[in-house]
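Summary of the model geometry
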Amino acid sequence: MDNRQAIGSWLSGPRAAAESMGVDFGYRGQRLGLPEQGPGSVAPLGRRVGALFVDWALCMLIAYGLLAGRDGQTTGNWALGVLLVLSLLTVGTVGFTPGKRLFGLRVIAENGGRLGFGRVLVRTVLLCLAIPALVWDRDRRGLHDRLARAVQVRM
């Protein structure tokens, strides 16, 4: 085996190495019974990050203007609390936050239904901890979504 090929597979990760050996993982969301593209398919990473950015900016604005007394040092802490409440209320009722709606995304249960309040609470608390959102499975679901048995899909 050529050293360049070994380094390339190491840099590409285990999925690329397995695929080069003939393993077929299918498309993202196939194991969950979701379509490959279009409405109901797994939301792309770029849209999810964009939606989170919009939600965070909105929470920072609310925290700075209404809760932190225009104190920039405490605004971030208040914004995290606002994000928690915003996510609980919006994902728990309509299935999306303002940012997700803007980017055409919705959070649903793995079986396609609505998430119950307990699962929304677990997902939201883990999202606010940030680390679980950075650990993904092969369907690109964050650990917070996986533990809540949720998936973000296109609308």
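Heads up: these notes are all about the structure in this document. (Residues numbered from 1 in each chain as written. Predicted model: local features only at pLDDT ≥ 70, side-chain atom pairs only at ≥ 80, totals over all residues. Heavy atoms only, no water.)

**So, the pairing of strand β2 (residues 150–154)**
The buried count for β2 comes to four of five residues, which makes it a mostly enclosed element. In this sheet, β2 lies alongside strand β1 (residues 105–109) in antiparallel orientation, the contact comprising five bridges. Bridge assignment links Val107 to a residue of β2, and that residue is Gln152. (Buried < 20%, exposed > 50% of the residue type's maximum accessible area, 1.4 Å probe, protein only. Helix = DSSP H or I, 4+ residues; strand = E, 2+ residues; numbered from the N terminus. Pairing = 2+ DSSP bridges.)

**Details of the packing of helix α3 (residues 45–67) against helix α4 (residues 72–93)**
Between α3 and α4, the least distance of the axes is 7 Å, while the angle of their chain directions is 120 degrees. In terms of orientation, α3 lies oblique with respect to α4. In this structure, α3 crosses over α4, and the sense of that crossing is right-handed. Residues Asp55, Trp56, Cys59, Met60, Ile62, Ala63, Tyr64 and Leu67 of α3 form the contact with α4, whose own contacting residues are Gly72, Thr75, Gly76, Trp78, Ala79, Leu80, Val82, Leu83 and Leu86. Split by residue class, the contact of α3 with α4 holds 13 nonpolar, three polar and one charged. (Axes fitted to C-alpha atoms, helices over the stretch in contact; angles between N-to-C directions. Parallel < 35°, antiparallel > 145°, perpendicular 65-115°, else oblique. Left-handed = near helix turned anticlockwise from the far one by under 90°. Contact = heavy atoms within 4.5 Å. Nonpolar A, V, L, I, M, F, W, Y, C, P; charged D, E, K, R; others polar.)

**A closer look at the packing of aromatic side chains**
A complete count under the given rule lists zero aromatic pairs for this structure. In this structure, Arg101 is placed above the aromatic ring of Phe96, and the distance from its NZ or CZ to the ring centre is 5.6 Å. (Phe/Tyr/Trp six-rings, centres within 6.5 Å; stacked < 30°, edge-to-face > 60°. Lys NZ or Arg CZ within 6 Å of the ring centre and 35° of its normal.)

**A few points about the side chain of Thr75**
As for its placement among the helices and strands, Thr75 is situated in helix α4. Not counting residues within four places of it along the chain, the set of residues in contact with Thr75 comprises Met60, Ala63, Tyr64 and Ala68.

**Some words on the pattern of salt bridges**
Within the structure shown, the criterion is met by six salt bridges. One salt bridge in this structure joins Arg31 and Asp139, with 2.7 Å as the shortest N-O distance. Taken together, the residues span a long stretch of sequence, with Arg31 in the loop between α2 (14–20) and α3 and Asp139 in the loop between α6 (117–129) and α7 (143–147) at a distance of 108 residues. Residues Arg146 and Asp137 are paired through a salt bridge, measuring 2.9 Å at the closest nitrogen-oxygen approach. For Arg146, a relative accessible area of 38% translates into the label partly exposed. One connected set of salt bridges, linked through shared partners, spans Arg31, Glu110, Asp137, Asp139, Arg141 and Arg146. (Salt bridge = Lys/Arg side-chain N within 4 Å of Asp/Glu carboxyl O.)

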